[in-house]
Amino acid sequence: RPAKKKGAYPLKPGVQGFFISCDGGREFQASQEAVNVIDSFFEELVHGTGLKVNSSGLLEKPINKKVTFSYSDDEDEDEDEDEDDEGNNGEEEETKGDGDKKEVTEGENNQVNEKELASEGSCEVKNLAENDTEKKEEDEGKQETVVEEPPRKKTCVEEANASTKANGNAETSIDKLIDAELKELGDKSKRRFTKLDPGCNGIVFIQMKRRDGDPSPKDIAQHAMTSAAATKKHMSRFILRLLPIEVSCYPSEEEISRAIKPLVEQYFPIETDNPRKFAVLYGARANTGLDRMKIINTVAKSIPAPHKVDLSNPDMSIVVEIVKTVCLIGVVEKYKELAKYNLRQLTST
């Protein structure tokens, strides 16, 4: 008799989720991996894109772009331009000096001395006037700054106090949100995906607790298989086959015919212009007391008349998996085209 696992929740009727087959002896690793893989596909399906976005609106893995740094070339060009400008300024000054000399040397010697003295005096007067005005402006600026400094400090302190109060409120609100989220993660009853113990080797069942607006297990499994077939990206090490389960009941004809009614109304309506072809896929584990054909016939008879059975090329397949005393039922599309929902086979090159 196998030993009971501590903290393991057994698989019971009335749950929905994902029926996963894995390598024997790797059930624990496969269950942890399955929760992460299913959660990632759930997030992609909810957000509508395969790219994950942070709270700030930026992508976690931004697109790689070639960045060229041109500041070194620009600095060299600027230095060359500055040197050219300095050279040109020197030449201009020389030419200006020559011009002044020419103008001065046109007259007589006495006139030259008078002009030079006058020019020197005017330059000194201008320099003195400029220095006085600059000193006055600096003194006025100092006085103004001295007078205006106290009110500026007061306003800065008030703004800092207001910002610290706002930041404190924001930090408290963020802390409360983080604490609430941690409590939800710690509470197993509030988790969206939890693992259940089916009691058989090589099998893992992940229960999904659907909320309002959440996609169905069929949608998540369909998205996972189509994306895996398109990208060929290896995303699992222990998962083999991933099948969606939307109804679970006891494996009796009456219970199966009663539990499958919502699936029939959803996927096989009576009044429809496009009748679908379907097939029933049966599998049993740790249960040899059931008649295989009786279960298949009860499922097939519950489908209304416009829809027909086609085992070679069905549009939709009804999965019936019996594990001990629990019957798991789900609906899948393109079962054969997607390698019978074998994730490892889809991602293998």
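Residues numbered from 1 in each chain as written. Predicted model: local features only at pLDDT ≥ 70, side-chain atom pairs only at ≥ 80, totals over all residues. Heavy atoms only, no water.

Examining the overall build of the chain
So, point 1. Tallying secondary structure elements over the chain gives 8 helices and 9 strands in all.
So, point 2. The buried share of the chain, taken over its 349 residues, is 29%.
So, point 3. Relative to all contacts within the chain whose residues are 6 or more apart in sequence, the contacts with residues 24 or more apart total 76%. (Helix = DSSP H or I, 4+ residues; strand = E, 2+ residues; numbered from the N terminus. Buried < 20%, exposed > 50% of the residue type's maximum accessible area, 1.4 Å probe, protein only. Contact = heavy atoms within 4.5 Å.)

Here we look at the environment of Ala30
So, point 1. Tracing the backbone shows Ala30 in helix α1 (residues 27–47).
So, point 2. Since its relative accessible area comes to 0%, Ala30 is described here as buried.

Focus on the pattern of salt bridges
So, point 1. For the structure shown, the criterion picks out 6 salt bridges.
So, point 2. One salt bridge connects Asp23 with Arg344, and the closest N-O pair in it is separated by 3.2 Å. Taken together, the residues span a long stretch of sequence, with Asp23 in the loop between β1 (17–22) and α1 and Arg344 in helix α8 (residues 343–347) at a distance of 321 residues.
So, point 3. Owing to a relative accessible area of 28%, Asp23 belongs among the partly exposed residues under this scheme.
So, point 4. The partner of Glu321 in a salt bridge is Arg285, with the nearest N and O atoms 3.0 Å apart. Here Arg285 lies in strand β6 (residues 277–285) and Glu321 lies in strand β8 (residues 316–323), a separation of 36 residues in the sequence.
So, point 5. For Arg285, a relative accessible area of 31% gives the class partly exposed. (Salt bridge = Lys/Arg side-chain N within 4 Å of Asp/Glu carboxyl O.)

Structural notes on the nonpolar core
So, point 1. The biggest cluster of nonpolar side chains holds 41 residues, and the ones touching the most others in it are Phe18, Ile20, Ile38, Phe193, Ile220, Leu328 and Tyr341.
So, point 2. With 6 residues, α1 is the largest single contributor of residues to this core.
So, point 3. Excluding anything up to four places from it in sequence, Ile20 contacts Ala34, Ile38, Gly202, Ile203, Val204, Ile206, Ile239, Arg241 and Leu242.
So, point 4. Ile256, Tyr282, Ile295 and Cys327 belong to the second-largest nonpolar core, a separate cluster that totals 23 residues. (Core = buried A, V, L, I, M, F, W, Y, C linked by side-chain atoms within 4.5 Å.)

Description of the side chain of Glu33
So, point 1. Within the fold, Glu33 resides in helix α1.
So, point 2. No salt bridge is formed by the buried Glu33. Its closest oppositely charged neighbour is Arg237, at 6.7 Å.
So, point 3. Setting aside residues up to four positions removed in sequence, Glu33 forms contacts with Met235, Ser236, Arg237, Phe238 and Ile239. (Lys, Arg positive; Asp, Glu negative; His and termini not counted.)

Regarding the pairing of strand β4 (residues 239–245)
So, point 1. Counting buried residues in β4 gives 5 out of 7 residues, a clear majority hidden from the surface.
So, point 2. Note: β1 against β4, 6 bridges, orientation antiparallel. Of the residues in β4, the one forming a bridge with Cys22 is Ile239. (Pairing = 2+ DSSP bridges.)

Observations regarding the sheet that holds strand β7 (residues 308–309)
So, point 1. Across the sheet, 5 strands lie side by side as β5-β9-β8-β6-β7; this open sheet has mixed pairing. Looking along the sheet, the strands with just one partner apiece sit at the ends: β5 (247–249) and β7.
So, point 2. Of the strand pairs in this sheet, β6 and β8 are connected by 8 bridges, and their pairing is parallel. Its bridge partner lying in β8, Leu281 is registered against Val319.

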